[in-house]
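Commentary on secondary and tertiary structure
Residues per chain, in single letters:
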Amino acid sequence: SYEQMITASIDEAIRDGDIIPFIQAQVTSDGTVRGGEALIRWNHKTEGMLPPGKFISVLEKNGLIVKADRCIWESACRILGKWNEKGYKDMYLSVNISPRDFYFTTVYEDITGYVGNYGISPDQLRLEITETAMLNNMDAVLDVIAHLRNDGYIVEMDDFGSGYSSLNTLKTLPVDVLKVDMLFLRDIKDADTVL
């Protein structure tokens, strides 16, 4: 089955460099590129370029998302290290941390290890965590986030408004950046005037 094919080939894909970051630029209001988000893609040997929707849910279901996430974290740090060598030390990349990462890997040790290996500054690697991950594993996640923020990492909450959170919830969540879910905004009357 397709699911078995994805599951069976993830290790080989990581080893061969087929799991790659697709950099989506993030631009300031004056049009300056300050960084971007490292989105995962799979350049599959037989299926071609796979978008996340074709493999993420399978990897999450089987607990293998951790391997793919770690691959992208390291790739982002490698890219930032190269940018630094070329003099672009004020650039950043944000990476996703999946809810399962908190169960199956040592997020703090992995992230700080990659950052140290490539000689980049913690504030160059932004960490994107979904609202669901924060609210479902509150104590464990908050502890990791607190340690990372203390070290200078910028933590972003992705998809705010897609779950059950309220603005009240934000008081207890130690995040630096809030990314609001578009479906949340779609229901607001005159949302285009807010944006």
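Just so we're clear, the structure is a prediction, and the values are computed from it rather than from any experiment.

1. So, the packing of helix α3 (residues 65-85) against helix α5 (residues 107-117)
In contact at an axis separation of 9 Å, α3 and α5 are set at 25° when each is read in the N-to-C sense. Compared by their axis directions, α3 and α5 come out roughly parallel. In this structure, the crossing between α3 and α5 has a hand that is right-handed. In this structure, α3 contributes Arg70, Trp73, Glu74 and Cys77 to the contact, and α5 contributes Val107, Asp110, Ile111, Tyr114 and Val115. By residue class, the composition of the contact of α3 with α5 is six nonpolar, no polar and three charged.

2. Some points on the packing of aromatic side chains
As enumerated under the stated definition, the model contains one aromatic pair in all. Ring geometry for Trp42 and Phe55: centres 5.4 Å apart, planes at 85°, overall edge-to-face. Residue Trp42 is located in strand β2 (residues 33-44), and its partner Phe55 is located in the loop between β3 (48-50) and α2 (56-61); the two are separated by 13 residues in the primary sequence. Judged on exposure class, the residue Trp42 and its partner Phe55 are both buried. The ring centre of Phe22 lies 4.7 Å from the NZ or CZ of Arg41, which sits over that ring. The residue whose ring lies beneath Arg126 is Tyr92, and the NZ or CZ to ring-centre distance is 3.8 Å.

Conventions adopted
Residues numbered from 1 in each chain as written. Predicted model: local features only at pLDDT ≥ 70, side-chain atom pairs only at ≥ 80, totals over all residues. Heavy atoms only, no water. Axes fitted to C-alpha atoms, helices over the stretch in contact; angles between N-to-C directions. Helix = DSSP H or I, 4+ residues; strand = E, 2+ residues; numbered from the N terminus. Parallel < 35°, antiparallel > 145°, perpendicular 65-115°, else oblique. Left-handed = near helix turned anticlockwise from the far one by under 90°. Contact = heavy atoms within 4.5 Å. Nonpolar A, V, L, I, M, F, W, Y, C, P; charged D, E, K, R; others polar. Phe/Tyr/Trp six-rings, centres within 6.5 Å; stacked < 30°, edge-to-face > 60°. Buried < 20%, exposed > 50% of the residue type's maximum accessible area, 1.4 Å probe, protein only. Lys NZ or Arg CZ within 6 Å of the ring centre and 35° of its normal.

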